[in-house]
Amino acid sequence: MSGQVKGEKTYRGIAVSAGVCRGKVLVLHRTRRAIVRRPLADDAIEPEIRRFEHALVRTRQQILEVQRRVAATMSSSEADIFDAHLLMLEDRVLIEEVLKIVHEQKVNAEFAFHTASERYVNVLENVQDEYLRERAADLRDLTGRVLDNLLEVKEAFSLRNLTDPCILVGHDLSPSTTAQLDKKYVLGFATDIGGKTSHTAILAHSLDIPAVVGLQTITDELTTGDYVLLDGYNGVVIVNPTDQTLFEYGQLAKVKASLEEKLAEVQHQPAVTLDGKAIHLSANIEAQHDVPAIMEHGAEGVGLFRTEFLFINRESLPTEEEQFKVYREVAAALKPNTVIIRTLDLGGDKFASHLQLAKEMNPFLGWRAIRFCLAQPELFRAQLRAILRASAEGNIKMMYPMISGLDELNQANAFVEKCKGELRAEKVPFDENLDIGAMIEIPSAALIANALAKRVKFFSIGSNDLIQYTLAADRTNEKVSHLYEPTHPAILRLIKMTVDAAHANGIWTGVCGEIAGDPVLAPLLIGLGVDELSAAPAMIDQVKYIIRRIKLSEAQVLAQAALESESPTEIFARCVEFARQNAPSLFENRA
Ligand code: PEP
Ligand code: MG
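Described below are features of the structure shown in this document. Being a predicted model, the structure only gives us computed values, none of them experimental.

## Quick word on helix α3 (residues 92-105)
- Over its 14 residues, α3 runs 19 Å from end to end, which matches the ideal 20 Å to within 8%, given 1.5 Å per residue.
- Here α3 has its buried residues at Leu-94, Ile-95, Glu-97, Val-98, Leu-99, Ile-101 and Val-102.
- Structurally, the start of α3 carries an N-cap: the backbone nitrogen of Val-93 is 3.0 Å from a side-chain oxygen of Asp-91.
- Remark: Lys-106 follows α3 within two positions and exhibits a positive phi of approximately 55 degrees.

Spelled out as structure tokens, the structure:
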């Protein structure tokens, strides 16, 4: 069938899995289920409830089956995604709400279930936190299954029956759909919605299939059979590419392939500058399933384990035991490399729905991170005990987020001492010498770094927050994104001040905000004296590549010039020039 698009047309979205592919598309249209409201007679209510329960049981069996299939063909971490589906399926609050609607309104189960679950999905879809928004897709996937079972809809089309290679296009590809993909027949995929942390993206990565998400209307624009080129590096889908475009992409593919070869060569080499300065290069992770990527990219352990993701995609707090198992698993897998676990940083733009916290006028300036933990002793205690216990089984360090002054640091340390005392009394092993650090992400912390440095073993600069708090530019508000400047002289001075205070007190400083993973800015940070860089696993190769091609002495000259400059734009331009001169291969495809 020929498509609606005649000439070449380009759609831009978010690149989530690298690679370029071309071929015919198969458009998976959203199933539109007709949910009618059916009034029930009094004696039909109990049978209706049994029908609902039967649909839940059937859904559970289906999920377990998909999970088994995924575990057999992919890693167990991909199969873990379905644990979240099972948890949602067993959510008593949702089930009770459905039963209440059936009883009180005397209506059919699909109508009641649709009403209750849509309420949840809408709340999740409208929160600011990208990660939580992605969970709405999981919930939709699950509720679709339950509704299909209630409506007795048979699977209209199974991806397991594909016979020709194609590029899949869908509104969203749910984990259960993605799990059915056969790499032989699926060249790539493109979706209307989604973001970098969506499970669709995670699965695409693990399947190593090029993917672009967030294309907004691509399902409406394309028709099955249209010929497209999908660029998973730049997040672009081109329909009816001209010969010229195909030729250019042929060239681009060659350049990319040669860059990837160069990056692969350094993957397991040390991150050392040409004049012998070793930089500790580690990775930022959100969950245990990120561990294989760390190893693949040759990072030296974890510089930031954001533990809040253990708390937010669920209905109750994780127990000490549950947390202990996760921390232990990560630490044991990466031993002898270090894993720096950050204590809980809830608040700001990250909320746990089940904690029912009051809405705040300025959440980034409010009850967030260490402030929240110090006020929630039981929650903090469970996490500290879990981290301490896991420290017996790997090389763990711990750091506190959002330290604004000495008092908070002292209180947090006192808390840790109390937990240590308990564990000693219980004869539970832990690392007595566990290093504790402070994140420097509030200007006040940088300004008193000298005092903080006497009480911790390391600093980790959270530049994402340090920039927003210093420049008063909300990191989530696109209207002030032009003010969010990493090369602002004020930021560079705070970083320098932190590094100098650390070194004067014999401790080290890392950077774990996004700038640490930017090959343009990494040399500047190294020149400012930073000892460790911690970045998303996918950025490790590029950062290591540039580290191995620069001299510390020249990075120091760059940093000195930057510290003397008054202009963020000029500093940034110098950084770009420095990076391009030293590692031109990294920039061949950049504008
Ligand atoms: C930071 O603020 O730079 C940081 C690493 O922490 P988060 O992004 O989780 O706030
Ligand atoms: Mg932060």
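There's plenty left to go through after this.
## Considering the sheet that holds strand β4 (residues 166-170)
- On the basis of which strands lie adjacent, the open sheet formed by 8 strands has the order β1-β8-β7-β3-β4-β5-β6-β2 and mixed pairing. The open sheet has two free edges, formed respectively by β1 (9-12) and β2 (14-17), since each of these has just one partner strand. The sheet shows a mean angle of 30 degrees between the axes of neighbouring strands, direction not considered.
- Note that β2 and strand β6 (residues 211-213) share 3 bridges and pair antiparallel.

## Focus: the pairing of strand β9 (residues 280-285)
- Counting buried residues in β9 gives 5 out of 6 residues, a clear majority hidden from the surface.
- For β9 and strand β16 (residues 532-535), the ladder comprises 4 bridges, and the chain directions are parallel. What sits directly across from His-280, in β16, is Glu-532.
- Sheet topology places β9 next to strand β10 (residues 302-306); 3 bridges connect them, and they run parallel.

## What to know about the state of the cysteines
- If you walk through the whole model with that rule in mind, you get 0 disulfides.
- This cysteine, Cys-512, is not joined by any disulfide, and Cys-373 carries the nearest cysteine sulfur, 16 Å off.
- On the accessibility criterion, Cys-512 (1% relative accessible area) is buried.

## Some words on the environment of Ala-253
- Mapped onto the secondary structure, Ala-253 falls in helix α9 (residues 243-266).
- You can call Ala-253 partly exposed: its relative accessible area is 36%.
- It is 9.8 Å that separates the C-alpha atoms of Ala-253 and Asp-231, two residues lying 22 residues apart in sequence.

## Observations regarding the coordination of the magnesium ion (ligand 2)
- Protein coordination of the magnesium ion (ligand 2) is provided by Glu-441 (OE) and Asp-465 (OD), with donor distances spanning 2.0 to 2.2 Å. Here the residue Glu-441 occupies a position in the loop between β13 (436-440) and α16 (443-447), and Asp-465 occupies one in helix α18 (residues 463-471), the gap between them amounting to 24 residues. Both residues of the pair, Glu-441 and Asp-465, belong to the buried class.

## Description of the packing of helix α22 (residues 552-564) against helix α23 (residues 568-582)
- Closest axis-to-axis distance for the α22/α23 pair is 10 Å, and the angle between their directions is 165 degrees. Between α22 and α23, the crossing angle belongs to the class labelled roughly antiparallel. Crossing geometry of α22 relative to α23 is assigned as right-handed. Taken together, the residues of α23 that come into contact with α22 (itself represented by Glu-554, Ala-555, Leu-558, Ala-561 and Ala-562) are Ile-571, Arg-574, Cys-575, Phe-578 and Asn-582.
- Partitioned by chemical class, the residues of the contact of α22 with α23 number 7 nonpolar, 1 polar and 2 charged.

## A closer look at the site of ligand 1
- Around ligand 1 lies a shell of 15 residues, among which Arg-306, Arg-342, Gly-462, Asn-464 and Arg-475 are the nearest.
- Residue Arg-342 places a side-chain N or O atom 2.9 Å away from an oxygen atom belonging to ligand 1.
- For ligand 1, the accessible surface in isolation is 290 Å², of which the surrounding protein chains cover 99%.
- Contributions of two or more residues to the shell around ligand 1 are made by β10 and α18.
- The element that contributes the greatest number of residues to the shell around ligand 1 is α18, accounting for 3 residues.
- The residue inventory of the shell around ligand 1, partitioned by class, reads 3 nonpolar, 4 polar and 8 charged.

## Comments concerning the nonpolar core
- If you look at the biggest cluster of nonpolar residues, it comprises 144 residues, and the most contacted ones within it are Tyr-400, Phe-459, Ile-495 and Leu-533.
- A per-element tally of this core places helix α5 (residues 130-151) first, with 8 residues.
- Excluding anything up to four places from it in sequence, Tyr-400 contacts Thr-343, Ile-370, Phe-380, Leu-409, Ala-412, Asn-413, Val-416, Ile-436, Gly-437, Ala-438 and Met-439.
- Grouped together as the second largest cluster of nonpolar side chains are 15 residues, Cys-21, Val-169, Leu-215 and Val-239 included.

## Considering the pairing of β4
- Burial analysis of β4 places 5 of its 5 residues in the buried class, which makes it a mostly covered element.
- The side-chain alternation of β4 yields two buried faces, one formed by Cys-166, Leu-168 and Gly-170 and the other by Ile-167 and Val-169.
- Where strand β3 (residues 20-28) meets β4, 4 bridges bridge the pair, whose relative direction is parallel. Bridged to Leu-26 within β4 is Leu-168.
- Judged from the 5 bridges that link them, β4 and strand β5 (residues 186-191) form a sheet pairing that is parallel.

Conventions adopted
Residues numbered from 1 in each chain as written. Chains lettered and ligands numbered in written order. Predicted model: local features only at pLDDT ≥ 70, side-chain atom pairs only at ≥ 80, totals over all residues. Heavy atoms only, no water. Helix = DSSP H or I, 4+ residues; strand = E, 2+ residues; numbered from the N terminus. Expected span 1.5 Å × (residues − 1). Buried < 20%, exposed > 50% of the residue type's maximum accessible area, 1.4 Å probe, protein only. Polar contact = N/O pair within 3.5 Å; in protein donor to acceptor, adjacent residues only side chain to side chain. Pairing = 2+ DSSP bridges. Axes fitted to C-alpha atoms, helices over the stretch in contact; angles between N-to-C directions. Disulfide = S-S within 2.5 Å. Donors = N, O, S within 2.8 Å, 3.2 Å for Na, K, Ca; no water. Parallel < 35°, antiparallel > 145°, perpendicular 65-115°, else oblique. Left-handed = near helix turned anticlockwise from the far one by under 90°. Contact = heavy atoms within 4.5 Å. Nonpolar A, V, L, I, M, F, W, Y, C, P; charged D, E, K, R; others polar. Near = heavy atom within 4 Å. Areas by Shrake-Rupley, 256 points an atom, 1.4 Å probe, with all protein chains shown as cover. Core = buried A, V, L, I, M, F, W, Y, C linked by side-chain atoms within 4.5 Å.

Without other data, these values stay purely geometric and don't point to any function.
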